[in-house]
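Residues per chain, in single letters:
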Amino acid sequence: MIIGIPKEIKNNENRVALTPAGVAEFKKQGHIVYVQASAGENSGFSDKAYAEAGAELLPTIEDVYSIAEMIIKVKEPIASEYPLIKKDQLLFTYFHFASSEPLTHAMIERGAVCLAYETVEKADRSLPLLVPMSEVAGRMSIQEGAKYLEKPLKGKGILLGGVPGVPPAKVLVLGGGIVGTQAAKMAAGFGAQVTIMDVSLARLRYLSDVMPANVTTIISNHYNIREAITTADLVIGAVLIPGAKAPHLITRDMLKLMSPGTVVVDVAVDQGGCIETCTPTTHENPTFIIDDIVHYCVANMPGAVPYTSTLALTNATLPYALQLANKGWQKACAENEELKKGLNIANGKILYKGVAEAWNLPFHEELVLENAVN
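What counts as what
Residues numbered from 1 in each chain as written. Predicted model: local features only at pLDDT ≥ 70, side-chain atom pairs only at ≥ 80, totals over all residues. Heavy atoms only, no water. Pairing = 2+ DSSP bridges. Helix = DSSP H or I, 4+ residues; strand = E, 2+ residues; numbered from the N terminus. Contact = heavy atoms within 4.5 Å. Axes fitted to C-alpha atoms, helices over the stretch in contact; angles between N-to-C directions. Buried < 20%, exposed > 50% of the residue type's maximum accessible area, 1.4 Å probe, protein only. Phe/Tyr/Trp six-rings, centres within 6.5 Å; stacked < 30°, edge-to-face > 60°. Lys, Arg positive; Asp, Glu negative; His and termini not counted. Salt bridge = Lys/Arg side-chain N within 4 Å of Asp/Glu carboxyl O. Polar contact = N/O pair within 3.5 Å; in protein donor to acceptor, adjacent residues only side chain to side chain. Patch = residues over 30% accessible without salt bridge, like charges linked within 9 Å, V, L, I, M, F, W, Y side chains within 5 Å. Areas by Shrake-Rupley, 256 points an atom, 1.4 Å probe, with all protein chains shown as cover. Parallel < 35°, antiparallel > 145°, perpendicular 65-115°, else oblique. Left-handed = near helix turned anticlockwise from the far one by under 90°. Nonpolar A, V, L, I, M, F, W, Y, C, P; charged D, E, K, R; others polar. Expected span 1.5 Å × (residues − 1). Core = buried A, V, L, I, M, F, W, Y, C linked by side-chain atoms within 4.5 Å.

*Asks:* Kindly report on the sheet that holds strand β2 (residues 32-36), identifying the contributing residues and their values.
*Replies:* The pairing of strands in a sheet happens through backbone hydrogen bonds and is either parallel or antiparallel. Strand order in the open sheet formed by 8 strands is β3-β2-β1-β4-β5-β6-β14-β15, and the pairing between neighbours is mixed. Each end of this open sheet is capped by a strand with a single partner; those strands are β3 (56-58) and β15 (349-350). Where strand β1 (residues 2-5) lies against β2, 4 bridges are found, and the strand directions are parallel. Across the sheet, glycine 4 pairs through a bridge with tyrosine 34, a residue of β2. Where helix α9 (residues 306-327) meets the sheet, its contacts fall on β1, β4 (70-72), β5 (90-93) and β6 (113-116), and the angle it forms with β5 comes to roughly 170°.

Take a look at the structure:
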(Lines give C-alpha, C1' and ligand atoms only; values in the text may rest on other atoms or scores of the structure.)
Protein backbone atom coordinates (compact mmCIF):
# COMPACT_ATOMS: atom_id res chain seq x y z
CA MET A 1 0.00 0.00 0.00
CA ILE A 2 1.08 3.59 -0.57
CA ILE A 3 1.18 5.47 2.76
CA GLY A 4 1.17 9.28 3.01
CA ILE A 5 2.30 11.31 6.01
CA PRO A 6 1.40 15.00 5.56
CA LYS A 7 2.67 17.78 7.77
CA GLU A 8 0.09 18.81 10.36
CA ILE A 9 -1.23 22.29 9.56
CA LYS A 10 -3.67 22.86 12.42
CA ASN A 11 -2.64 25.87 14.52
CA ASN A 12 0.44 25.00 16.60
CA GLU A 13 0.09 21.28 15.99
CA ASN A 14 3.66 20.07 16.23
CA ARG A 15 3.16 16.31 16.31
CA VAL A 16 3.69 13.97 13.35
CA ALA A 17 1.77 10.77 12.65
CA LEU A 18 4.71 8.45 12.02
CA THR A 19 8.29 8.29 13.28
CA PRO A 20 11.27 7.13 11.19
CA ALA A 21 11.07 3.86 13.13
CA GLY A 22 7.49 3.48 11.92
CA VAL A 23 8.56 4.14 8.35
CA ALA A 24 11.11 1.34 8.64
CA GLU A 25 8.38 -1.07 9.78
CA PHE A 26 6.17 -0.23 6.80
CA LYS A 27 9.10 -0.64 4.43
CA LYS A 28 10.01 -3.97 6.02
CA GLN A 29 6.52 -5.24 5.19
CA GLY A 30 6.68 -4.09 1.57
CA HIS A 31 4.83 -0.78 1.65
CA ILE A 32 5.79 2.58 0.15
CA VAL A 33 5.85 5.60 2.48
CA TYR A 34 5.76 9.22 1.34
CA VAL A 35 6.48 11.89 3.95
CA GLN A 36 6.00 15.59 3.40
CA ALA A 37 9.24 17.50 3.79
CA SER A 38 9.74 18.93 7.32
CA ALA A 39 6.70 17.01 8.63
CA GLY A 40 8.65 15.68 11.62
CA GLU A 41 10.94 18.60 12.40
CA ASN A 42 8.84 20.04 15.24
CA SER A 43 8.76 16.62 16.88
CA GLY A 44 12.52 16.23 16.62
CA PHE A 45 12.65 13.99 13.53
CA SER A 46 14.64 15.29 10.54
CA ASP A 47 13.99 14.69 6.85
CA LYS A 48 17.33 12.89 6.78
CA ALA A 49 16.12 10.44 9.43
CA TYR A 50 13.00 9.67 7.39
CA ALA A 51 15.02 9.21 4.20
CA GLU A 52 17.44 6.87 5.93
CA ALA A 53 14.48 4.84 7.21
CA GLY A 54 13.27 4.40 3.62
CA ALA A 55 10.68 7.15 3.17
CA GLU A 56 10.40 9.17 -0.01
CA LEU A 57 10.11 12.90 0.70
CA LEU A 58 7.60 15.08 -1.13
CA PRO A 59 7.66 18.89 -1.08
CA THR A 60 3.96 19.72 -0.59
CA ILE A 61 0.87 18.47 1.18
CA GLU A 62 -0.89 18.31 -2.19
CA ASP A 63 1.72 15.84 -3.42
CA VAL A 64 1.19 13.58 -0.42
CA TYR A 65 -2.61 13.48 -0.72
CA SER A 66 -2.52 12.93 -4.47
CA ILE A 67 -0.34 9.81 -4.32
CA ALA A 68 -1.35 8.08 -1.08
CA GLU A 69 -3.91 5.32 -0.66
CA MET A 70 -3.83 5.72 3.11
CA ILE A 71 -3.21 9.03 4.85
CA ILE A 72 -2.03 8.77 8.45
CA LYS A 73 -2.39 11.97 10.47
CA VAL A 74 -2.61 13.20 14.03
CA LYS A 75 -5.47 15.72 13.89
CA GLU A 76 -8.57 15.90 11.74
CA PRO A 77 -8.26 17.53 8.29
CA ILE A 78 -9.00 21.24 8.31
CA ALA A 79 -10.99 23.07 5.62
CA SER A 80 -8.01 23.69 3.32
CA GLU A 81 -7.37 19.93 3.22
CA TYR A 82 -10.92 18.90 2.29
CA PRO A 83 -10.45 19.36 -1.49
CA LEU A 84 -7.26 17.26 -1.40
CA ILE A 85 -9.04 14.15 -0.14
CA LYS A 86 -9.89 11.60 -2.83
CA LYS A 87 -12.87 9.26 -3.04
CA ASP A 88 -12.19 5.97 -1.21
CA GLN A 89 -8.96 7.35 0.28
CA LEU A 90 -8.40 5.94 3.77
CA LEU A 91 -7.74 8.50 6.50
CA PHE A 92 -6.46 7.20 9.84
CA THR A 93 -6.38 9.97 12.44
CA TYR A 94 -8.25 11.66 15.29
CA PHE A 95 -11.52 13.01 13.89
CA HIS A 96 -13.90 13.85 16.78
CA PHE A 97 -16.77 14.17 14.30
CA ALA A 98 -19.33 14.75 17.05
CA SER A 99 -17.82 18.18 17.70
CA SER A 100 -17.72 19.35 14.04
CA GLU A 101 -20.69 19.18 11.71
CA PRO A 102 -18.78 20.81 8.78
CA LEU A 103 -16.05 18.16 9.01
CA THR A 104 -18.67 15.39 9.10
CA HIS A 105 -20.41 16.65 5.97
CA ALA A 106 -17.12 17.28 4.19
CA MET A 107 -15.91 13.71 4.68
CA ILE A 108 -19.26 12.31 3.54
CA GLU A 109 -19.15 14.47 0.42
CA ARG A 110 -15.54 13.56 -0.39
CA GLY A 111 -16.34 9.86 -0.15
CA ALA A 112 -13.41 9.26 2.20
CA VAL A 113 -12.97 6.23 4.44
CA CYS A 114 -12.57 7.73 7.89
CA LEU A 115 -11.15 5.51 10.61
CA ALA A 116 -10.97 7.45 13.86
CA TYR A 117 -8.32 6.81 16.50
CA GLU A 118 -10.68 7.86 19.26
CA THR A 119 -13.31 5.15 18.62
CA VAL A 120 -11.02 2.14 18.10
CA GLU A 121 -12.17 0.08 21.07
CA LYS A 122 -11.06 -3.11 22.79
CA ALA A 123 -13.40 -5.78 24.14
CA ASP A 124 -13.00 -4.35 27.65
CA ARG A 125 -14.24 -0.98 26.27
CA SER A 126 -10.83 0.65 26.65
CA LEU A 127 -9.71 3.01 23.89
CA PRO A 128 -6.12 2.08 23.02
CA LEU A 129 -5.44 4.95 20.61
CA LEU A 130 -6.95 7.57 22.89
CA VAL A 131 -5.13 6.40 26.02
CA PRO A 132 -1.63 7.76 25.23
CA MET A 133 -2.87 11.25 24.36
CA SER A 134 -5.29 11.18 27.28
CA GLU A 135 -2.34 10.44 29.54
CA VAL A 136 -0.41 13.39 28.11
CA ALA A 137 -3.41 15.74 28.20
CA GLY A 138 -4.34 14.74 31.73
CA ARG A 139 -0.87 15.48 33.03
CA MET A 140 -0.62 18.68 30.99
CA SER A 141 -3.96 19.95 32.34
CA ILE A 142 -2.38 20.37 35.77
CA GLN A 143 0.82 21.86 34.36
CA GLU A 144 -1.19 24.45 32.42
CA GLY A 145 -3.72 24.98 35.18
CA ALA A 146 -0.97 25.70 37.68
CA LYS A 147 0.51 28.26 35.31
CA TYR A 148 -2.76 30.10 34.72
CA LEU A 149 -3.48 30.30 38.43
CA GLU A 150 -0.65 32.86 38.51
CA LYS A 151 -1.85 36.45 38.99
CA PRO A 152 -0.11 37.92 35.89
CA LEU A 153 -2.14 35.41 33.84
CA LYS A 154 -5.39 36.53 35.55
CA GLY A 155 -5.59 33.63 38.00
CA LYS A 156 -6.08 33.77 41.76
CA GLY A 157 -2.38 33.97 42.48
CA ILE A 158 -2.29 30.62 44.24
CA LEU A 159 0.64 28.20 44.27
CA LEU A 160 -0.76 24.77 43.55
CA GLY A 161 1.09 22.98 46.33
CA GLY A 162 1.13 25.82 48.85
CA VAL A 163 4.06 26.13 51.29
CA PRO A 164 4.46 25.25 54.99
CA GLY A 165 1.93 27.29 56.93
CA VAL A 166 -0.13 28.11 53.80
CA PRO A 167 -2.80 25.74 52.44
CA PRO A 168 -2.45 24.28 48.95
CA ALA A 169 -4.82 24.92 46.06
CA LYS A 170 -8.05 22.94 45.74
CA VAL A 171 -8.28 20.99 42.50
CA LEU A 172 -11.55 19.48 41.26
CA VAL A 173 -11.33 16.78 38.59
CA LEU A 174 -14.57 15.87 36.79
CA GLY A 175 -14.22 12.33 35.47
CA GLY A 176 -12.20 9.38 36.73
CA GLY A 177 -11.04 7.91 33.43
CA ILE A 178 -7.55 8.09 31.96
CA VAL A 179 -7.46 11.91 31.76
CA GLY A 180 -8.93 12.39 35.21
CA THR A 181 -6.69 9.80 36.82
CA GLN A 182 -3.54 11.31 35.33
CA ALA A 183 -4.67 14.83 36.27
CA ALA A 184 -5.41 13.80 39.85
CA LYS A 185 -2.09 11.99 40.12
CA MET A 186 -0.16 15.05 38.91
CA ALA A 187 -2.10 17.49 41.10
CA ALA A 188 -1.56 15.26 44.12
CA GLY A 189 2.13 15.11 43.31
CA PHE A 190 2.24 18.90 43.38
CA GLY A 191 0.75 18.73 46.87
CA ALA A 192 -2.68 20.11 45.99
CA GLN A 193 -5.88 19.12 47.76
CA VAL A 194 -7.62 17.06 45.07
CA THR A 195 -11.22 15.97 44.63
CA ILE A 196 -12.05 13.56 41.81
CA MET A 197 -15.65 12.90 40.76
CA ASP A 198 -17.11 10.10 38.68
CA VAL A 199 -20.53 8.47 38.19
CA SER A 200 -19.09 4.99 38.74
CA LEU A 201 -18.83 3.91 42.34
CA ALA A 202 -16.63 0.99 41.30
CA ARG A 203 -14.19 3.39 39.63
CA LEU A 204 -14.15 5.61 42.71
CA ARG A 205 -13.37 2.60 44.90
CA TYR A 206 -10.41 1.79 42.67
CA LEU A 207 -9.17 5.39 42.70
CA SER A 208 -9.57 5.57 46.47
CA ASP A 209 -7.30 2.54 46.77
CA VAL A 210 -4.53 3.74 44.43
CA MET A 211 -4.46 7.50 45.02
CA PRO A 212 -2.48 9.22 47.80
CA ALA A 213 -4.13 10.59 50.92
CA ASN A 214 -4.57 14.11 49.51
CA VAL A 215 -7.07 12.83 46.90
CA THR A 216 -10.75 12.56 47.89
CA THR A 217 -13.31 10.69 45.78
CA ILE A 218 -16.92 11.90 45.50
CA ILE A 219 -19.81 10.59 43.41
CA SER A 220 -20.58 12.89 40.50
CA ASN A 221 -24.02 14.47 40.41
CA HIS A 222 -25.38 17.96 39.82
CA TYR A 223 -25.68 18.80 43.52
CA ASN A 224 -22.15 17.67 44.40
CA ILE A 225 -20.61 19.49 41.43
CA ARG A 226 -22.35 22.75 42.38
CA GLU A 227 -21.04 22.39 45.93
CA ALA A 228 -17.47 21.54 44.88
CA ILE A 229 -16.96 24.37 42.40
CA THR A 230 -17.66 27.00 45.06
CA THR A 231 -14.30 26.30 46.72
CA ALA A 232 -12.25 24.93 43.81
CA ASP A 233 -9.27 26.92 42.54
CA LEU A 234 -8.68 24.73 39.49
CA VAL A 235 -11.34 22.64 37.71
CA ILE A 236 -10.36 19.94 35.21
CA GLY A 237 -13.01 18.73 32.75
CA ALA A 238 -12.09 15.13 31.99
CA VAL A 239 -15.32 13.58 30.73
CA LEU A 240 -15.47 11.46 27.57
CA ILE A 241 -18.25 9.58 25.84
CA PRO A 242 -16.56 7.75 22.93
CA GLY A 243 -17.52 9.24 19.57
CA ALA A 244 -20.22 11.47 21.05
CA LYS A 245 -20.49 14.93 22.56
CA ALA A 246 -19.45 15.33 26.17
CA PRO A 247 -22.28 16.33 28.55
CA HIS A 248 -22.25 19.83 30.06
CA LEU A 249 -21.53 19.27 33.75
CA ILE A 250 -20.83 22.95 34.42
CA THR A 251 -23.28 25.36 32.82
CA ARG A 252 -22.96 29.09 32.21
CA ASP A 253 -25.08 30.01 35.22
CA MET A 254 -22.80 27.95 37.49
CA LEU A 255 -19.80 30.22 36.81
CA LYS A 256 -21.20 32.74 39.26
CA LEU A 257 -20.75 30.15 42.01
CA MET A 258 -16.97 30.19 41.48
CA SER A 259 -14.64 32.80 42.91
CA PRO A 260 -12.88 35.21 40.50
CA GLY A 261 -9.62 33.89 39.10
CA THR A 262 -10.65 30.24 39.23
CA VAL A 263 -9.14 28.34 36.30
CA VAL A 264 -11.06 25.75 34.27
CA VAL A 265 -9.25 23.41 31.89
CA ASP A 266 -11.62 21.48 29.63
CA VAL A 267 -9.71 18.53 28.21
CA ALA A 268 -12.95 17.31 26.57
CA VAL A 269 -13.23 20.42 24.40
CA ASP A 270 -12.42 18.54 21.19
CA GLN A 271 -15.56 16.49 21.85
CA GLY A 272 -17.71 19.55 22.54
CA GLY A 273 -16.51 20.15 26.10
CA CYS A 274 -18.08 19.32 29.46
CA ILE A 275 -18.06 22.98 30.53
CA GLU A 276 -20.72 24.90 28.62
CA THR A 277 -18.71 28.10 28.26
CA CYS A 278 -15.66 26.37 26.80
CA THR A 279 -14.96 26.72 23.08
CA PRO A 280 -11.80 25.45 21.38
CA THR A 281 -8.70 27.64 21.62
CA THR A 282 -5.15 27.25 20.33
CA HIS A 283 -1.69 27.20 21.86
CA GLU A 284 -1.24 30.64 20.33
CA ASN A 285 -4.22 32.08 22.24
CA PRO A 286 -5.00 29.42 24.83
CA THR A 287 -7.29 31.25 27.27
CA PHE A 288 -10.25 33.56 27.54
CA ILE A 289 -12.19 34.93 30.51
CA ILE A 290 -15.93 34.74 31.14
CA ASP A 291 -17.40 36.06 34.39
CA ASP A 292 -13.87 36.40 35.83
CA ILE A 293 -13.23 32.67 35.29
CA VAL A 294 -10.10 31.79 33.27
CA HIS A 295 -10.91 29.21 30.57
CA TYR A 296 -8.10 27.11 29.07
CA CYS A 297 -9.60 25.15 26.18
CA VAL A 298 -6.81 24.12 23.81
CA ALA A 299 -8.15 21.31 21.62
CA ASN A 300 -4.75 19.75 20.92
CA MET A 301 -2.96 20.04 24.24
CA PRO A 302 -0.42 17.26 23.52
CA GLY A 303 0.78 19.27 20.50
CA ALA A 304 2.75 21.45 22.92
CA VAL A 305 4.97 18.51 23.89
CA PRO A 306 5.35 16.92 20.44
CA TYR A 307 8.38 14.74 21.06
CA THR A 308 6.76 12.91 23.97
CA SER A 309 3.34 12.89 22.30
CA THR A 310 4.52 11.62 18.93
CA LEU A 311 6.39 8.70 20.45
CA ALA A 312 3.48 7.84 22.74
CA LEU A 313 0.94 8.04 19.93
CA THR A 314 2.87 6.08 17.32
CA ASN A 315 3.67 3.33 19.83
CA ALA A 316 -0.10 2.76 19.96
CA THR A 317 -1.20 3.43 16.36
CA LEU A 318 1.51 1.58 14.41
CA PRO A 319 0.22 -2.00 14.95
CA TYR A 320 -3.24 -0.96 13.73
CA ALA A 321 -1.86 1.02 10.79
CA LEU A 322 0.17 -2.00 9.69
CA GLN A 323 -2.95 -4.17 9.74
CA LEU A 324 -4.77 -1.67 7.54
CA ALA A 325 -1.85 -1.53 5.11
CA ASN A 326 -1.31 -5.29 4.98
CA LYS A 327 -4.94 -6.31 4.55
CA GLY A 328 -6.76 -3.25 3.22
CA TRP A 329 -9.29 -1.46 5.40
CA GLN A 330 -12.27 -3.69 4.59
CA LYS A 331 -10.59 -6.99 5.41
CA ALA A 332 -8.76 -5.53 8.42
CA CYS A 333 -11.99 -4.18 9.89
CA ALA A 334 -13.90 -7.38 9.14
CA GLU A 335 -11.27 -9.44 10.97
CA ASN A 336 -10.53 -7.03 13.81
CA GLU A 337 -13.49 -5.81 15.86
CA GLU A 338 -11.34 -3.11 17.47
CA LEU A 339 -10.57 -1.52 14.10
CA LYS A 340 -14.15 -1.96 12.93
CA LYS A 341 -15.33 0.23 15.78
CA GLY A 342 -12.97 2.91 14.49
CA LEU A 343 -14.91 3.19 11.24
CA ASN A 344 -16.89 6.42 11.41
CA ILE A 345 -17.59 7.22 7.76
CA ALA A 346 -17.17 5.25 4.52
CA ASN A 347 -18.80 5.27 1.08
CA GLY A 348 -20.56 8.50 2.00
CA LYS A 349 -22.33 6.87 4.97
CA ILE A 350 -22.01 7.30 8.72
CA LEU A 351 -21.08 4.03 10.39
CA TYR A 352 -20.71 5.23 14.00
CA LYS A 353 -23.92 5.77 15.91
CA GLY A 354 -22.66 8.60 18.12
CA VAL A 355 -21.72 10.70 15.10
CA ALA A 356 -25.09 10.14 13.41
CA GLU A 357 -26.94 11.07 16.58
CA ALA A 358 -24.83 14.20 17.12
CA TRP A 359 -25.99 15.71 13.81
CA ASN A 360 -29.31 13.89 13.33
CA LEU A 361 -28.04 12.06 10.25
CA PRO A 362 -28.77 8.50 9.02
CA PHE A 363 -26.81 5.72 10.69
CA HIS A 364 -25.73 2.70 8.61
CA GLU A 365 -24.58 -0.49 10.31
CA GLU A 366 -22.65 -3.35 8.65
CA LEU A 367 -23.38 -2.01 5.16
CA VAL A 368 -19.82 -1.45 4.04
CA LEU A 369 -18.30 -4.70 5.25
CA GLU A 370 -20.85 -7.17 3.86
CA ASN A 371 -18.43 -8.30 1.14
CA ALA A 372 -15.25 -7.37 2.94
CA VAL A 373 -13.34 -10.63 3.21
CA ASN A 374 -11.99 -11.88 -0.10
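*Asks:* Just give me the short version of the environment of proline 168, but keep the residues and values in it.
*Replies:* As for its placement among the helices and strands, proline 168 is situated in the loop between α5 (131-148) and β7 (170-174). Look at proline 168 and you get partly exposed, because its relative accessible area is 26%. Sequence spacing of proline 168 and aspartate 292 is 124 residues, and the spatial spacing of their C-alpha atoms is 21 Å. With near-sequence residues (within four places) excluded, proline 168 lies in contact with Leu159, Leu160, Gly161, Gly162, Gly191, Ala192 and Gln193.

*Asks:* Mind laying out the packing of aromatic side chains, listing which residues take part and the relevant values?
*Replies:* Tallied over the full model, the rule gives 5 aromatic pairs. Each ring, one from tyrosine 94 and one from tyrosine 117, has its centre 4.8 Å from the other, and the planes form 85°; the classification is edge-to-face. Remark: tyrosine 117 occurs in the loop between β6 and α5 and tyrosine 94 occurs in the loop between β5 and α4 (101-110); sequence separation between them is 23 residues. No difference in accessibility class separates tyrosine 94 from tyrosine 117, as the two residues are buried. Seen in terms of ring centroids, tyrosine 148 and tyrosine 296 are 5.7 Å apart; in terms of plane orientation they differ by 45°. Their pairing is tilted. Highlighted residues: tyrosine 148 in helix α5 and tyrosine 296 in strand β13 (residues 293-296), separated in sequence by 148 residues. Grouped by ring-pair contacts, the aromatic residues Phe92, Tyr94 and Tyr117 constitute a single cluster.

*Asks:* Account for the pairing of strand β10 (residues 234-237), naming residues and giving values.
*Replies:* If a strand is regular, its side chains alternate between the two faces of the sheet. Here β10 shows a buried face lined by Leu234 and Ile236 and a second buried face lined by Val235 and Gly237. The sheet contact formed by β7 and β10 spans 4 bridges and is parallel. Paired with valine 173 across the bridge in β10 is isoleucine 236. As judged from the 4 bridges shared by β10 and strand β11 (residues 263-266), these two strands associate in the parallel manner. For leucine 234, the partnering residue across the bridge sits in β11 and is valine 263.

*Asks:* Could you give me a rundown of the side chain of aspartate 198, with the residues and numbers involved?
*Replies:* Relative to the assigned elements, aspartate 198 resides in strand β8 (residues 193-198). Buried within the structure, aspartate 198 lacks any salt-bridge partner; arginine 203 is the closest side chain of opposite charge, at an N-O distance of 5.8 Å. Among the polar contacts listed, one links the side chain of aspartate 198 to the backbone nitrogen of glycine 176, at a separation of 2.7 Å. Residues in contact with aspartate 198, not counting those within four places in the same chain, are Gly175, Gly176, Gly177, Arg203, Leu204, Ile218, Ile219 and Ser220.

*Asks:* Tell me what's going on with a nonpolar patch on the surface, and back it up with residues and numbers.
*Replies:* Taken together, the side chains of Leu159, Val163 and Val166 present a nonpolar region at the surface, about 270 Å² in accessible area. The residue valine 166 is located in the loop between α5 and β7 in this model.

*Asks:* Account for unusual backbone geometry, with residues named and values stated.
*Replies:* In this structure, serine 38 is a non-glycine residue whose phi angle is positive, near 70°. Within the fold, serine 38 resides in the loop between β2 and α2 (47-53). Even without a glycine there, the phi angle at aspartate 88 is positive, about 70°. Tracing the backbone through its elements, the reader meets aspartate 88 in the loop between β4 and β5.

*Asks:* How would you explain the packing of helix α1 (residues 20-28) against α9 if you had to name every residue and give the values?
*Replies:* Direction vectors running N to C along α1 and α9 enclose 30°, while the axes themselves pass 11 Å from each other. Comparing the axis directions of α1 and α9 gives the class roughly parallel. Crossing geometry of α1 relative to α9 is assigned as right-handed. On α9, the residues touching Gly22, Glu25 and Phe26 of α1 are Leu318, Ala321, Leu322 and Ala325. For the contact of α1 with α9, a count of residues per class yields 5 nonpolar, 1 polar and 1 charged.

*Asks:* Tell me what's going on with helix α6 (residues 178-190), and back it up with residues and numbers.
*Replies:* In this model α6 runs 19 Å from its N-terminal to its C-terminal C-alpha over 13 residues, within 8% of the 18 Å that 1.5 Å per residue would give. Residues of α6 that are buried: Val179, Gly180, Thr181, Gln182, Ala183, Ala184, Ala187 and Ala188. Turning to α6, the residues buried within the fold contact α5, β7, β8, α7 (201-210), β9 (215-219) and β10. Two residues or fewer past α6, glycine 191 is found with a positive phi of approximately 100°.

*Asks:* Requested: an account of the nonpolar core, with residues and values cited.
*Replies:* In this structure, Phe26, Val171 and Ile236 are the most contacted members of the largest nonpolar core, which totals 76 residues. No other element matches α9, which puts 8 residues into this core. Grouped together as the second largest cluster of nonpolar side chains are 25 residues, Tyr82, Leu84, Phe95 and Ala106 included.

*Asks:* Can you explain the packing of α5 against α9? Please cite residues and give values.
*Replies:* Across the interface, α5 lies against α9 with an axial gap of 8 Å and an inter-helix angle of 155°. In terms of orientation, α5 and α9 fall into the roughly antiparallel class. Counted together, Pro132, Met133 and Val136 of α5 and Ser309, Ala312, Leu313 and Ala316 of α9 form the full contact between these two elements. Each residue belonging to the contact of α5 with α9 can be placed in one class, and the counts come to 6 nonpolar, 1 polar and no charged.

These figures capture arrangement, not role.
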